[in-house]
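# Fold and geometry: a report
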Amino acid sequence: MRTKLIRADIGLWQQVNCHLAVYTACLARKMLRFLHRGATVFPGKVALRLVPNILSYLVSGRDLIFVTGTNGKTTTVRFLVKILEAAGFKVITNVSGANLTDGIVAAILEHYQDLINDNPNPTESKLVLVMEIDEAYYGKLGTQVPWLITVLTNLFRDQLDRYGELSTTRKLISKGLGCQADSNCKELAPSGRTFITCADDAMSMSLYRCHNGKILTFGTDAAAMKPGHPSKLGDGNFCYFCGRELQYSAYNYAHLGIFKCESCDFCHQPADLVFKPLTPEAGAVAEAAAATAGAADRSRNRNNYELTYAGEKAALHLCVGGRHNAYNAAAALLAATDYLHGKQIKDFSLQKMAASLSKIEAAFGRMERIELPDNKEICLILVKNPAGFNLAWDYLQEQSDLGGLCLALNSKVNDGKDVSWIWDISLETQGLQAADFAEIAGDNYRIFLGGERALDLACRFYYAGFPAEHLQVEKDYNTLLDRAIAATPAGKCLYCLPNYTTMLAIRAALAAKYNLRDFWLED
């Protein structure tokens, strides 16, 4: 039998158990919220303890989009949700970023009333689930849960103690797509599902053999890339299929670029959705159009691009800085385009979708700017692997409002216990150097370091040429923030680069001190 809440065709007692699990989990959520707790995971644990397969039951008969990958999941989901909402859909998502099974279940159950009220006719339903999912859990849930679209943002080395090298992460994704790592699913009957990934990422593109449905890709215009070969110490330097070193004619950052294996036929393919930076003149036009549409004023974060998809062109203005966010926006636009076409909605053009992104500010902790007293700001930039750190370090060099810097590092389970990745970042060869900080902030500048592995950070910066007397370690987050903010001049921004659990702790401290919205309540 089926019900409005559980559309899976299961027995009466299974339906009773599912409803009991849902209402028990909802009660747990209300109690936690009464205690001012996030309730982003525990209600899901409760429901899964009572009905281990409840996620499959909840999403059965509904449209589900998964977003996975190493970097950019939360921001891509945020972009995609806003596009679909602008198109008239009700979207359920795990806004908190809790991307394991229990977090996904908890996010869905928070909107159980929307599940009940949803139109049971799939062609008339306006409800869609957009879920960020951890790469390892995608390997398990991808085959257990009926999804419609999977977006893979990219693959970089991350949490080495958990995943090992990139080939392990790739195998997990291939399992979620329904294939073993070395099989060729293209020989099977089409699945009716869509797999979207980055054309410039060799490791992500190697998964094309592991999906027997539609494949769509996004990438940068080759003319906008830097000529040459990325660092040979980086990720994705070898062909997954034959093991030979890949040759690059150009690259954007990390190992994203135009690649080719000279031993087999594996090479970069033209992307379906291509973006390239706009000229300053064209960018000014895009910004003016975005301002007319009510976009947030973030002139310091000019991020303007021209998009091309299926012969259609559009201008994109992002309030969020960083060239990596252009990839995130492209992934979201491509997923939205495919979904809306599948729903026979053809009057929502690429330009309309791009315009809806012009109003979006950063997700919590992901280049999020927070206004402080005395005309100061703090910008939180999550960094959790070498690729992400190097991008953030380059970004700092471009910021005219840089007034202070703090970094924080933990080695908890959610971060990865192995923090040796900090020795793979490019402190010595790119971005700001010690002399640059002295020029910006004076000879008495200080870099504030926090978290349980703050001394590891201090050691890393010392060996990169930053004098020990300029490195100030503060293990307590409140003390770290107070002293770093106090040292930041009026009218300037304190840039804070934490990894995952330190970001949550620092943002919680800021929320308590400056009365910010809790991240799980964000629109």
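The structure this text deals with has already been given above.
The following refers to the structure shown. (Residues numbered from 1 in each chain as written. Predicted model: local features only at pLDDT ≥ 70, side-chain atom pairs only at ≥ 80, totals over all residues. Heavy atoms only, no water.)

For the rest of this paragraph, the subject is the pattern of salt bridges. What the rule picks out here adds up to 23 salt bridges. Linking Asp-401 and Arg-369 is a salt bridge whose minimum nitrogen-to-oxygen distance equals 3.1 Å. Of this pair, Asp-401 sits in the loop between α14 (386–397) and β15 (402–408) while Arg-369 is found in strand β13 (residues 366–372), placing the two residues 32 residues apart along the sequence. Of the two residues, Asp-401 and Arg-369, both sit in the buried class. Connected via shared salt-bridge partners are Arg-7, Arg-62 and Asp-118. (Salt bridge = Lys/Arg side-chain N within 4 Å of Asp/Glu carboxyl O. Helix = DSSP H or I, 4+ residues; strand = E, 2+ residues; numbered from the N terminus. Buried < 20%, exposed > 50% of the residue type's maximum accessible area, 1.4 Å probe, protein only.)

The next subject is the packing of aromatic side chains. Scanning the entire structure with this criterion turns up 22 aromatic pairs. Ring plane angle 75 degrees and centroid distance 5.8 Å describe the contact between Trp-393 and Phe-461, whose orientation is recorded as edge-to-face. Of the two residues, Trp-393 sits in helix α14 while Phe-461 sits in helix α16 (residues 454–463), which places them 68 residues apart along the sequence. Exposure class is identical for Trp-393 and Phe-461. Each is buried. Through successive ring pairs, a cluster of aromatic residues spans Phe-156, Phe-218, Tyr-253, Phe-275, Tyr-305 and Tyr-327. Lys-126 extends its terminal NZ or CZ atom over the ring of Phe-89, reaching a point 4.5 Å from the ring centre. The ring of Tyr-240 has Arg-170 sitting right over it, with the charged end atom 3.7 Å from the ring centre. (Phe/Tyr/Trp six-rings, centres within 6.5 Å; stacked < 30°, edge-to-face > 60°. Lys NZ or Arg CZ within 6 Å of the ring centre and 35° of its normal.)

The subject of this paragraph is the pairing of strand β8 (residues 247–253). The element β8 is extensively covered by neighbouring structure, given that five of its seven residues are classed as buried. In this structure, strand β7 (residues 226–227) lies alongside β8, joined through two bridges in antiparallel fashion. Within β8, the position partnered with Pro-227 by the bridge is Ala-250. As judged from the five bridges shared by β8 and strand β9 (residues 256–260), these two strands associate in the antiparallel manner. (Pairing = 2+ DSSP bridges.)

Moving on, we get to the sheet that holds β7. Pairing between the strands of a sheet is mediated by backbone hydrogen bonds and can be parallel or antiparallel. Reading across the sheet, the three strands line up as β7-β8-β9 and stay open at both edges, with antiparallel pairing between neighbours. Only two strands of the sheet have a single partner each, and these edge strands are β7 and β9.

On the basis of which strands lie adjacent, the open sheet formed by six strands has the order β13-β14-β18-β15-β16-β17 and mixed pairing. A single partner strand is all that each edge strand has here, and the edge strands are β13 and β17 (471–473). Across this sheet, the average inter-strand angle for adjacent strands is 20 degrees, counted without regard to direction. Sheet topology note: the β15/strand β18 (residues 493–498) ladder contains six bridges and is parallel. Looking across to β18, one finds that Leu-402 is bridged to Cys-493. Its contacts with the sheet place helix α17 (residues 477–486) against β13, β14 (376–381), β15, β16 (447–450), β17 and β18, and it is angled at close to 170 degrees to β16. (Axes fitted to C-alpha atoms, helices over the stretch in contact; angles between N-to-C directions. Contact = heavy atoms within 4.5 Å.)

What follows concerns α17. An α-helix turns once every 3.6 residues. As a result, residues three or four positions apart point the same way. By the burial criterion, the buried members of α17 are Tyr-477, Leu-480, Leu-481, Ala-484 and Ile-485. Around the axis of α17, the buried residues are gathered within 115 degrees of arc, so they sit on the same side. Taken together, the buried residues of α17 touch β13, β14, β15, β16, β18 and α18 (500–514). Between the side-chain oxygen of the N-cap and the backbone nitrogen of Asn-478 there are 3.2 Å, and the N-cap of α17 in question is Asp-476. (Arc of directions from axis to C-beta. Polar contact = N/O pair within 3.5 Å; in protein donor to acceptor, adjacent residues only side chain to side chain.)

Take a nonpolar patch on the surface next. Together, Met-1, Leu-12, Trp-13 and Val-16 make up a nonpolar patch on the protein surface, roughly 460 Å² of accessible area in all. When you line up the elements, Met-1 lands in the segment before α1 (12–34). (Patch = residues over 30% accessible without salt bridge, like charges linked within 9 Å, V, L, I, M, F, W, Y side chains within 5 Å. Areas by Shrake-Rupley, 256 points an atom, 1.4 Å probe, with all protein chains shown as cover.)

What follows covers the pairing of β13. Most of β13 sits out of view: six of its seven residues are buried. Both β13 and β14 contribute to a ladder of six bridges, which runs antiparallel. Bridge pairing links Arg-366 to Ile-381 in β14. Connecting the antiparallel pair β13 and β14 is a turn made up of three residues, with Asp-374 showing a positive phi of about 65 degrees.

Phi at Gln-344 takes a positive value of approximately 65 degrees, unusual for a residue other than glycine. Examined against the element boundaries, Gln-344 turns out to sit in the loop between α12 (324–342) and α13 (350–357). For Gln-344, a relative accessible area of 59% puts it in the exposed group. Despite not being glycine, Asp-374 shows a phi value in the positive range, around 65 degrees. The residue Asp-374 is located in the loop between β13 and β14 in this model.

Turning to the environment of Trp-423, a few remarks are in order. Within the secondary structure, Trp-423 is located in the loop between β15 and α15 (434–441). Take Trp-423: its relative accessible area is 42%, and that puts it in the partly exposed class. With 104 residues separating them in the primary sequence, Trp-423 and Cys-319 have C-alpha atoms 32 Å apart. Those residues within four positions of Trp-423 in sequence are excluded, and the remaining contacts are Cys-459, Arg-460 and Tyr-463.

A few words now on helix α5 (residues 101–109). Extensive coverage of α5 is indicated by the burial of nine of its nine residues. Here α5 has its buried residues at Thr-101, Asp-102, Gly-103, Ile-104, Val-105, Ala-106, Ala-107, Ile-108 and Leu-109.

A few words now on the side chain of Glu-474. Tracing the backbone through its elements, the reader meets Glu-474 in the loop between β17 and α17. What makes Glu-474 buried here is its relative accessible area of 11%. At 3.0 Å, the side chain of Glu-474 and the side chain of Gln-472 are in polar contact. Side-chain polar atoms of Glu-474 contact the side chain of Arg-483, separated by 2.6 Å. In this structure, Glu-474 is in contact with Leu-449, Gly-450, Gly-451, Thr-479, Leu-480 and Arg-483, ignoring residues within four places of it in sequence.

What follows deals with the packing of α1 against helix α2 (residues 42–50). Orientation of α1 relative to α2, taken along the N-to-C sense of each, is 155 degrees, at an axis distance of 8 Å. Here α1 is positioned roughly antiparallel relative to α2, judged by the angle of their axes. Crossing hand, α1 versus α2: right-handed. Mapping the contact onto sequence places Ala-21, Thr-24, Ala-25, Ala-28, Arg-29 and Leu-32 in α1 and Phe-42, Pro-43, Val-46, Ala-47 and Leu-50 in α2. By residue class, the composition of the contact of α1 with α2 is nine nonpolar, one polar and one charged. (Parallel < 35°, antiparallel > 145°, perpendicular 65-115°, else oblique. Left-handed = near helix turned anticlockwise from the far one by under 90°. Nonpolar A, V, L, I, M, F, W, Y, C, P; charged D, E, K, R; others polar.)

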